[in-house]
Amino acid sequence: MFLPACSEAQAAIVRALREQFGYWLSPIVAVVNDCHGHQTYTAIKCGATCVLNVAIPAEAQVKLLQSMALPGPVIDEQPRSTALRPVPDAAQQRQLADGEAETLTHLLCSDETVCTIARRFFCSERTMYRKIRTLYDALNVSGRSELRSLVALQARAG
């Protein structure tokens, strides 16, 4: 059963169906157009089994719906590579100003939280997470622990 859940009134309908028929009813898929996550959260909170978000590419959502409808795992036709990530393009590298990458690397190797680091750079946490992701991509690491290992290896070598 597909139901729109883009407003509080529509989410209330999903809630009423769940309360009336219980969880034994066939899956309820809430349809939202959600860029921020609020509609999705509301739909799930009201009892939707799954959320179809028209703001997300259809191919990704088809796999989710298949996993809900079919028993067993859905096999991805394109296996994910564990190889190193591609080098970021010039636009991504420009997001970190001169010297900013070194400072950010130093702070990420410390015990500073992302919130504290963002305040030092006079930006929001979200912007800081983007800068951190850009740095990680440029250095080909996936997180702080790999970054610390890389910095330690460079210190030993240099």
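Coordinates for the structure precede this section.
The rules behind these values
- Residues numbered from 1 in each chain as written.
- Predicted model: local features only at pLDDT ≥ 70, side-chain atom pairs only at ≥ 80, totals over all residues.
- Heavy atoms only, no water.
- Buried < 20%, exposed > 50% of the residue type's maximum accessible area, 1.4 Å probe, protein only.
- Helix = DSSP H or I, 4+ residues; strand = E, 2+ residues; numbered from the N terminus.
- Arc of directions from axis to C-beta.
- Contact = heavy atoms within 4.5 Å.
- Polar contact = N/O pair within 3.5 Å; in protein donor to acceptor, adjacent residues only side chain to side chain.
- Pairing = 2+ DSSP bridges.
- Axes fitted to C-alpha atoms, helices over the stretch in contact; angles between N-to-C directions.

Caption draft 1: Looking closely at helix H5 (residues 100-109). If you check which residues of H5 are buried, you get Glu100, Leu104, Thr105, Leu107 and Leu108. All buried residues of H5 lie within an arc of 165° about the axis, which places them on one face of the element. Relative to its buried face, H5 has exposed residues pointing more than 90 degrees away, namely Glu102 and His106. Buried residues in H5 make contact with helix H6 (114-120), helix H7 (125-139) and helix H8 (144-157).

Caption draft 2: Summary view of helix H2 (residues 38-45). Those residues of H2 not exposed but buried are Gln39, Thr42 and Ala43. Down the axis of H2, the smallest arc covering the buried residues is 100°, so these residues share one side. In this structure, H2 carries Tyr41 and Lys45 as exposed residues pointing more than 90 degrees from its buried face. Backbone geometry just downstream of H2 places Gly47 in the positive-phi region, at approximately 115°.

Caption draft 3: The environment of Thr113, seen in detail. Mapped onto the secondary structure, Thr113 falls in the loop between H5 and H6. For Thr113, a relative accessible area of 44% corresponds to the partly exposed category. Here Thr116 takes part through its side chain, which lies 2.8 Å from a polar atom of the side chain of Thr113.

Caption draft 4: Quick look at the sheet that holds strand E3 (residues 50-53). A sheet is described by the order of its strands in space; here three strands give the open sequence E1-E2-E3, paired in parallel fashion. The open sheet has two edge strands, strand E1 (2-4) and E3, and neither has a second partner. Looking at each pair of strands side by side, their axes are set apart by 30° on average, direction ignored. Where E1 lies against strand E2 (residues 29-32), three bridges are found, and the strand directions are parallel. Counterpart to Pro4 in the pairing with E2 is Val31. Helix-sheet contacts for H2 involve E2 and E3, and the interaxial angle to E3 is about 155°.

Caption draft 5: Quick peek at the side chain of Gln39. Along the polypeptide, Gln39 turns up in helix H2. At a separation of 3.2 Å, a polar atom in the side chain of Gln39 contacts the main-chain amide nitrogen of Asn33. In this view, Gln39 contacts Ala5, Cys6, Val32, Asn33 and Asp34; residues no more than four positions away in its chain are not counted.

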